[in-house]
Amino acid sequence: MSDAGIRITDVGVKFPSARGTVTAVENVNQHIPASSFVSIVGPSGCGKSTLLSVIAGLQKPTSGEVNVHGRTVTGPDKNIGFVFQEDSTLPWRDVEENVRFAMQMGGVSKQDQRRRAQDAIDLVGLTGFEHAYPATLSGGMRQRVALARTLAMEPNVVLMDEPFAALDQQTRIFLGAEVRQIWSRTHQTVVFVTHDIGEAILLSQQVWVMSYRPGTIIDVIDVDLPEERDASIVSTHEFNELNNRIWTSLQAESMRGFEQQEKSA
Ligand SMILES: Nc1ncnc2c1ncn2[C@@H]1O[C@H](COP(=O)(O)OP(=O)(O)OP(=O)(O)O)[C@@H](O)[C@H]1O
Ligand SMILES: [Mg+2]
(Lines give C-alpha, C1' and ligand atoms only; values in the text may rest on other atoms or scores of the structure.)
(Ligands and ions follow the chains in the order given, each with its own letter.)
Protein backbone atom coordinates (compact mmCIF):
# COMPACT_ATOMS: atom_id res chain seq x y z
CA MET A 1 0.00 0.00 0.00
CA SER A 2 1.35 3.38 -1.00
CA ASP A 3 1.61 6.07 1.66
CA ALA A 4 1.70 8.92 -0.83
CA GLY A 5 -1.47 10.87 -1.49
CA ILE A 6 -4.68 10.67 0.50
CA ARG A 7 -5.93 7.44 2.01
CA ILE A 8 -9.48 7.38 3.35
CA THR A 9 -10.17 4.31 5.49
CA ASP A 10 -13.65 3.28 6.71
CA VAL A 11 -14.66 6.90 7.22
CA GLY A 12 -18.09 7.51 8.70
CA VAL A 13 -19.64 10.65 10.17
CA LYS A 14 -22.78 10.80 12.28
CA PHE A 15 -24.45 13.96 13.54
CA PRO A 16 -26.95 14.20 16.37
CA SER A 17 -30.20 15.81 15.24
CA ALA A 18 -33.67 16.52 16.64
CA ARG A 19 -34.98 13.42 14.80
CA GLY A 20 -32.19 11.14 15.98
CA THR A 21 -28.77 10.51 14.55
CA VAL A 22 -28.06 11.50 10.95
CA THR A 23 -25.46 9.36 9.22
CA ALA A 24 -23.95 11.87 6.81
CA VAL A 25 -21.08 9.72 5.55
CA GLU A 26 -20.62 5.98 5.79
CA ASN A 27 -18.02 3.43 4.89
CA VAL A 28 -15.83 5.52 2.58
CA ASN A 29 -12.66 3.73 1.49
CA GLN A 30 -10.65 5.43 -1.22
CA HIS A 31 -7.08 6.20 -2.18
CA ILE A 32 -6.10 9.32 -4.09
CA PRO A 33 -2.58 9.08 -5.49
CA ALA A 34 -0.34 12.12 -4.91
CA SER A 35 -0.60 14.80 -7.60
CA SER A 36 -3.93 13.60 -8.94
CA PHE A 37 -7.14 15.52 -9.49
CA VAL A 38 -10.35 13.91 -8.21
CA SER A 39 -13.85 15.36 -8.33
CA ILE A 40 -16.80 14.34 -6.19
CA VAL A 41 -20.36 14.68 -7.44
CA GLY A 42 -23.52 13.71 -5.58
CA PRO A 43 -27.02 14.90 -4.73
CA SER A 44 -27.47 17.82 -2.38
CA GLY A 45 -27.12 16.83 1.26
CA CYS A 46 -25.31 13.55 0.51
CA GLY A 47 -22.24 14.40 2.59
CA LYS A 48 -19.73 15.85 0.10
CA SER A 49 -18.82 18.85 2.27
CA THR A 50 -18.69 16.63 5.33
CA LEU A 51 -16.25 14.24 3.65
CA LEU A 52 -14.09 17.15 2.47
CA SER A 53 -14.09 18.63 5.99
CA VAL A 54 -12.88 15.30 7.37
CA ILE A 55 -9.99 15.25 4.87
CA ALA A 56 -9.19 18.86 5.85
CA GLY A 57 -9.16 18.00 9.56
CA LEU A 58 -12.03 20.41 10.20
CA GLN A 59 -14.47 17.62 11.09
CA LYS A 60 -13.59 14.62 13.24
CA PRO A 61 -14.91 11.38 11.74
CA THR A 62 -17.10 9.20 13.97
CA SER A 63 -15.26 6.18 12.60
CA GLY A 64 -12.24 5.52 10.44
CA GLU A 65 -9.41 7.86 9.52
CA VAL A 66 -7.77 9.86 6.78
CA ASN A 67 -4.05 9.74 6.06
CA VAL A 68 -2.34 12.43 4.04
CA HIS A 69 1.14 11.47 2.89
CA GLY A 70 1.23 8.77 5.53
CA ARG A 71 0.19 10.98 8.45
CA THR A 72 -3.16 10.66 10.14
CA VAL A 73 -5.19 13.86 9.89
CA THR A 74 -6.05 15.01 13.42
CA GLY A 75 -6.81 18.70 12.81
CA PRO A 76 -6.23 21.55 10.38
CA ASP A 77 -2.83 21.38 8.71
CA LYS A 78 -1.04 24.02 6.65
CA ASN A 79 -0.24 21.37 4.05
CA ILE A 80 -3.94 20.93 3.38
CA GLY A 81 -5.58 23.96 1.76
CA PHE A 82 -9.33 24.55 1.57
CA VAL A 83 -11.27 26.79 -0.80
CA PHE A 84 -14.83 27.35 0.38
CA GLN A 85 -17.95 27.79 -1.69
CA GLU A 86 -18.97 31.06 -0.09
CA ASP A 87 -17.04 34.29 -0.49
CA SER A 88 -14.39 34.17 2.22
CA THR A 89 -12.54 37.40 1.40
CA LEU A 90 -12.10 39.92 4.20
CA PRO A 91 -13.71 43.19 3.03
CA TRP A 92 -11.41 45.47 5.06
CA ARG A 93 -8.23 44.04 3.54
CA ASP A 94 -7.05 44.60 -0.03
CA VAL A 95 -6.21 41.69 -2.35
CA GLU A 96 -2.59 41.39 -1.24
CA GLU A 97 -3.49 41.57 2.45
CA ASN A 98 -6.22 38.97 1.91
CA VAL A 99 -3.75 36.62 0.25
CA ARG A 100 -1.22 37.19 3.04
CA PHE A 101 -3.76 36.60 5.79
CA ALA A 102 -3.30 32.82 6.20
CA MET A 103 0.49 33.17 5.94
CA GLN A 104 0.48 35.78 8.72
CA MET A 105 -1.35 33.31 10.92
CA GLY A 106 1.04 30.55 9.84
CA GLY A 107 4.23 32.34 10.89
CA VAL A 108 5.72 32.92 7.41
CA SER A 109 8.35 35.70 7.35
CA LYS A 110 7.25 39.09 5.96
CA GLN A 111 9.59 38.83 3.01
CA ASP A 112 8.31 35.36 2.08
CA GLN A 113 4.73 36.52 2.56
CA ARG A 114 5.25 39.28 -0.01
CA ARG A 115 6.95 37.03 -2.54
CA ARG A 116 4.51 34.16 -2.17
CA ALA A 117 1.50 36.48 -2.27
CA GLN A 118 2.71 38.08 -5.50
CA ASP A 119 3.39 34.66 -7.09
CA ALA A 120 -0.09 33.44 -6.14
CA ILE A 121 -1.74 36.66 -7.33
CA ASP A 122 0.04 36.31 -10.67
CA LEU A 123 -0.90 32.62 -10.88
CA VAL A 124 -4.64 33.32 -10.55
CA GLY A 125 -4.50 36.24 -12.99
CA LEU A 126 -5.02 39.13 -10.57
CA THR A 127 -1.81 41.01 -11.34
CA GLY A 128 -2.51 44.74 -11.07
CA PHE A 129 -5.32 44.27 -8.53
CA GLU A 130 -3.05 43.87 -5.48
CA HIS A 131 -4.43 46.96 -3.76
CA ALA A 132 -8.07 46.62 -4.77
CA TYR A 133 -10.65 45.92 -2.05
CA PRO A 134 -13.09 42.97 -2.40
CA ALA A 135 -16.12 45.29 -2.74
CA THR A 136 -14.65 46.61 -6.00
CA LEU A 137 -14.12 43.09 -7.45
CA SER A 138 -16.52 40.72 -9.23
CA GLY A 139 -17.59 37.43 -7.61
CA GLY A 140 -15.20 35.56 -9.92
CA MET A 141 -12.29 37.78 -8.89
CA ARG A 142 -13.09 37.30 -5.21
CA GLN A 143 -12.97 33.53 -5.71
CA ARG A 144 -9.58 33.99 -7.36
CA VAL A 145 -8.43 35.85 -4.23
CA ALA A 146 -9.61 32.91 -2.10
CA LEU A 147 -7.78 30.50 -4.40
CA ALA A 148 -4.60 32.64 -4.27
CA ARG A 149 -4.75 32.71 -0.48
CA THR A 150 -4.83 28.90 -0.41
CA LEU A 151 -2.11 28.51 -3.08
CA ALA A 152 0.20 30.98 -1.29
CA MET A 153 0.33 28.56 1.64
CA GLU A 154 1.91 26.10 -0.82
CA PRO A 155 -0.14 23.14 0.42
CA ASN A 156 0.41 19.62 -0.92
CA VAL A 157 -3.31 19.04 -0.96
CA VAL A 158 -5.96 21.48 -2.18
CA LEU A 159 -9.59 20.79 -1.29
CA MET A 160 -12.25 22.81 -3.09
CA ASP A 161 -15.89 22.75 -2.07
CA GLU A 162 -17.95 24.00 -5.02
CA PRO A 163 -15.71 27.05 -5.32
CA PHE A 164 -17.50 28.40 -8.39
CA ALA A 165 -21.08 27.48 -7.53
CA ALA A 166 -22.20 31.08 -7.13
CA LEU A 167 -20.74 32.19 -10.47
CA ASP A 168 -22.26 32.34 -13.94
CA GLN A 169 -21.58 29.54 -16.40
CA GLN A 170 -19.03 31.47 -18.50
CA THR A 171 -16.93 32.55 -15.51
CA ARG A 172 -17.15 29.04 -14.14
CA ILE A 173 -15.79 27.45 -17.30
CA PHE A 174 -13.04 30.05 -17.46
CA LEU A 175 -11.97 29.62 -13.82
CA GLY A 176 -12.24 25.84 -14.11
CA ALA A 177 -9.78 25.93 -17.01
CA GLU A 178 -7.44 28.10 -14.91
CA VAL A 179 -7.61 25.72 -11.97
CA ARG A 180 -6.64 22.91 -14.28
CA GLN A 181 -3.78 24.92 -15.74
CA ILE A 182 -2.51 25.80 -12.26
CA TRP A 183 -2.74 22.16 -11.28
CA SER A 184 -0.79 21.06 -14.35
CA ARG A 185 2.02 23.37 -13.16
CA THR A 186 1.94 22.75 -9.40
CA HIS A 187 0.71 19.15 -9.40
CA GLN A 188 -0.83 19.38 -5.99
CA THR A 189 -3.29 16.67 -5.01
CA VAL A 190 -6.72 18.18 -5.64
CA VAL A 191 -10.15 17.09 -4.43
CA PHE A 192 -12.89 19.14 -6.04
CA VAL A 193 -16.58 19.00 -5.09
CA THR A 194 -19.07 20.11 -7.73
CA HIS A 195 -22.68 19.71 -8.78
CA ASP A 196 -21.68 20.03 -12.41
CA ILE A 197 -20.86 16.75 -14.16
CA GLY A 198 -19.31 18.53 -17.16
CA GLU A 199 -17.03 20.52 -14.85
CA ALA A 200 -16.03 17.32 -13.03
CA ILE A 201 -15.10 15.57 -16.28
CA LEU A 202 -13.27 18.56 -17.75
CA LEU A 203 -11.12 19.06 -14.67
CA SER A 204 -10.44 15.62 -13.28
CA GLN A 205 -8.58 12.41 -13.75
CA GLN A 206 -11.19 10.56 -11.73
CA VAL A 207 -14.79 11.29 -10.70
CA TRP A 208 -16.48 9.78 -7.66
CA VAL A 209 -20.24 9.55 -7.45
CA MET A 210 -21.61 9.74 -3.92
CA SER A 211 -24.94 8.19 -2.89
CA TYR A 212 -27.71 9.99 -1.10
CA ARG A 213 -27.56 9.75 2.72
CA PRO A 214 -25.74 7.93 4.10
CA GLY A 215 -23.17 9.23 1.66
CA THR A 216 -20.83 6.62 0.35
CA ILE A 217 -18.91 6.30 -2.92
CA ILE A 218 -21.03 4.24 -5.32
CA ASP A 219 -19.14 4.76 -8.55
CA VAL A 220 -15.56 5.65 -9.48
CA ILE A 221 -15.02 6.75 -13.07
CA ASP A 222 -11.56 7.20 -14.58
CA VAL A 223 -11.50 10.12 -16.97
CA ASP A 224 -9.44 8.82 -19.81
CA LEU A 225 -9.17 12.08 -21.75
CA PRO A 226 -5.99 13.81 -22.96
CA GLU A 227 -4.07 15.94 -20.40
CA GLU A 228 -4.52 19.01 -22.60
CA ARG A 229 -8.21 19.81 -22.59
CA ASP A 230 -10.20 22.74 -23.82
CA ALA A 231 -13.92 23.40 -24.08
CA SER A 232 -14.11 21.68 -27.51
CA ILE A 233 -13.68 18.34 -25.75
CA VAL A 234 -17.32 18.48 -24.60
CA SER A 235 -18.48 17.61 -28.12
CA THR A 236 -16.39 14.41 -28.33
CA HIS A 237 -17.85 10.93 -28.13
CA GLU A 238 -15.61 10.05 -25.14
CA PHE A 239 -16.83 13.04 -23.15
CA ASN A 240 -20.46 12.14 -23.85
CA GLU A 241 -19.94 8.54 -22.82
CA LEU A 242 -18.49 9.67 -19.48
CA ASN A 243 -21.24 12.23 -19.06
CA ASN A 244 -23.94 9.60 -19.62
CA ARG A 245 -22.35 7.12 -17.26
CA ILE A 246 -22.05 9.65 -14.42
CA TRP A 247 -25.46 11.12 -15.12
CA THR A 248 -27.09 7.65 -14.93
CA SER A 249 -25.50 6.94 -11.53
CA LEU A 250 -26.37 10.36 -10.22
CA GLN A 251 -29.93 10.48 -11.48
CA ALA A 252 -30.99 7.38 -9.55
CA GLU A 253 -29.43 8.81 -6.37
CA SER A 254 -30.96 12.25 -6.82
CA MET A 255 -34.42 10.66 -7.21
CA ARG A 256 -33.86 8.62 -4.07
CA GLY A 257 -32.80 11.74 -2.17
CA PHE A 258 -35.80 13.67 -3.42
CA GLU A 259 -38.22 10.89 -2.41
CA GLN A 260 -36.67 10.64 1.07
CA GLN A 261 -36.93 14.39 1.56
CA GLU A 262 -40.59 14.32 0.49
CA LYS A 263 -41.31 11.51 2.96
CA SER A 264 -39.65 13.26 5.90
CA ALA A 265 -41.19 16.69 5.06
N1 LIG B 1 -22.52 20.22 11.68
C2 LIG B 1 -23.59 19.48 11.37
N3 LIG B 1 -24.50 19.14 12.31
C4 LIG B 1 -25.57 18.36 12.01
N5 LIG B 1 -25.81 17.88 10.78
C6 LIG B 1 -24.96 18.19 9.80
C7 LIG B 1 -23.80 19.01 10.02
N8 LIG B 1 -23.12 19.14 8.86
C9 LIG B 1 -23.82 18.46 7.94
N10 LIG B 1 -24.92 17.88 8.49
C11 LIG B 1 -25.88 17.00 7.80
O12 LIG B 1 -25.14 16.02 7.11
C13 LIG B 1 -25.71 15.78 5.83
C14 LIG B 1 -24.65 16.01 4.75
O15 LIG B 1 -24.35 17.41 4.69
P16 LIG B 1 -23.27 18.00 3.70
O17 LIG B 1 -23.22 19.46 3.94
O18 LIG B 1 -22.01 17.24 3.85
O19 LIG B 1 -23.91 17.68 2.28
P20 LIG B 1 -23.44 18.12 0.82
O21 LIG B 1 -23.36 16.89 -0.01
O22 LIG B 1 -22.22 18.96 0.91
O23 LIG B 1 -24.68 19.01 0.31
P24 LIG B 1 -24.72 20.24 -0.72
O25 LIG B 1 -24.53 19.64 -2.09
O26 LIG B 1 -26.10 20.79 -0.56
O27 LIG B 1 -23.65 21.20 -0.33
C28 LIG B 1 -26.93 16.69 5.73
O29 LIG B 1 -28.06 15.95 6.07
C30 LIG B 1 -26.66 17.76 6.74
O31 LIG B 1 -27.87 18.26 7.26
MG1 LIG C 1 -21.82 20.97 0.43
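These notes cover the structure that comes with them. Every value quoted in this text rests on a predicted model; they were computed, and no experiment measured them. (Residues numbered from 1 in each chain as written. Chains lettered and ligands numbered in written order. Predicted model: local features only at pLDDT ≥ 70, side-chain atom pairs only at ≥ 80, totals over all residues.)

A look at the overall build of the chain
Thinking step 1. Per the secondary structure count, the chain includes 7 helices and 10 strands.
Thinking step 2. Taken over C-alpha atoms, the radius of gyration comes to 19 Å for the chain, in line with the 18 Å a tight globule of 265 residues would show.
Thinking step 3. For the chain, the C-alpha atoms occupy an extent of roughly 55 × 45 × 45 Å along the three principal directions.
Thinking step 4. Counting across all 265 residues of the chain, residues that qualify as buried make up 40%.
Thinking step 5. Within the chain, contacts between residues separated by at least 24 positions form 71% of all contacts whose residues are at least 6 apart in sequence. (Helix = DSSP H or I, 4+ residues; strand = E, 2+ residues; numbered from the N terminus. Rg over C-alpha atoms; globule rule 2.2 N^0.38 Å. Buried ≥ 20, exposed ≤ 12 C-beta atoms within 10 Å, placed from the backbone. Contact = placed C-beta atoms within 7 Å.)

Re the pairing of strand β3 (residues 37–41)
Thinking step 1. Among the 5 residues of β3, 5 are classified as buried, and the element is accordingly described as predominantly covered.
Thinking step 2. The alternating pattern of β3 places Phe37, Ser39 and Val41 on one face and Val38 and Ile40 on the opposite face, and all of these are buried.
Thinking step 3. As paired strands, β3 and strand β9 (residues 206–210) are joined by 4 bridges and run parallel to one another. By the bridge assignment, valine 38 is partnered in β9 with glutamine 206. (Pairing = 2+ DSSP bridges.)

So, the packing of helix α2 (residues 95–105) against helix α3 (residues 110–123)
Working note: a packed helix pair is described by the angle between its axes plus the distance between those axes.
Thinking step 1. Running from N to C, α2 and α3 point in directions that differ by 125 degrees, and their axes come no closer than 9 Å. Between α2 and α3, the angle is such that the two are oblique. For α2 against α3, the interelement crossing comes out right-handed. In this structure, α2 uses Val95, Glu96, Val99, Arg100, Met103 and Gln104 to contact α3, whose residues at the interface are Gln113, Arg116, Ala117, Ala120 and Ile121.
Thinking step 2. Partitioning the contact of α2 with α3 into residue classes produces 6 nonpolar, 2 polar and 3 charged. (Axes fitted to C-alpha atoms, helices over the stretch in contact; angles between N-to-C directions. Parallel < 35°, antiparallel > 145°, perpendicular 65-115°, else oblique. Left-handed = near helix turned anticlockwise from the far one by under 90°. Nonpolar A, V, L, I, M, F, W, Y, C, P; charged D, E, K, R; others polar.)

Re the environment of glycine 45
Thinking step 1. Inspection of the secondary structure puts glycine 45 in the loop between β3 and α1 (48–56).
Thinking step 2. You can call glycine 45 partly exposed: it has 16 C-beta atoms within 10 Å.
Thinking step 3. With 12 residues separating them in the primary sequence, glycine 45 and glycine 57 have C-alpha atoms 20 Å apart.

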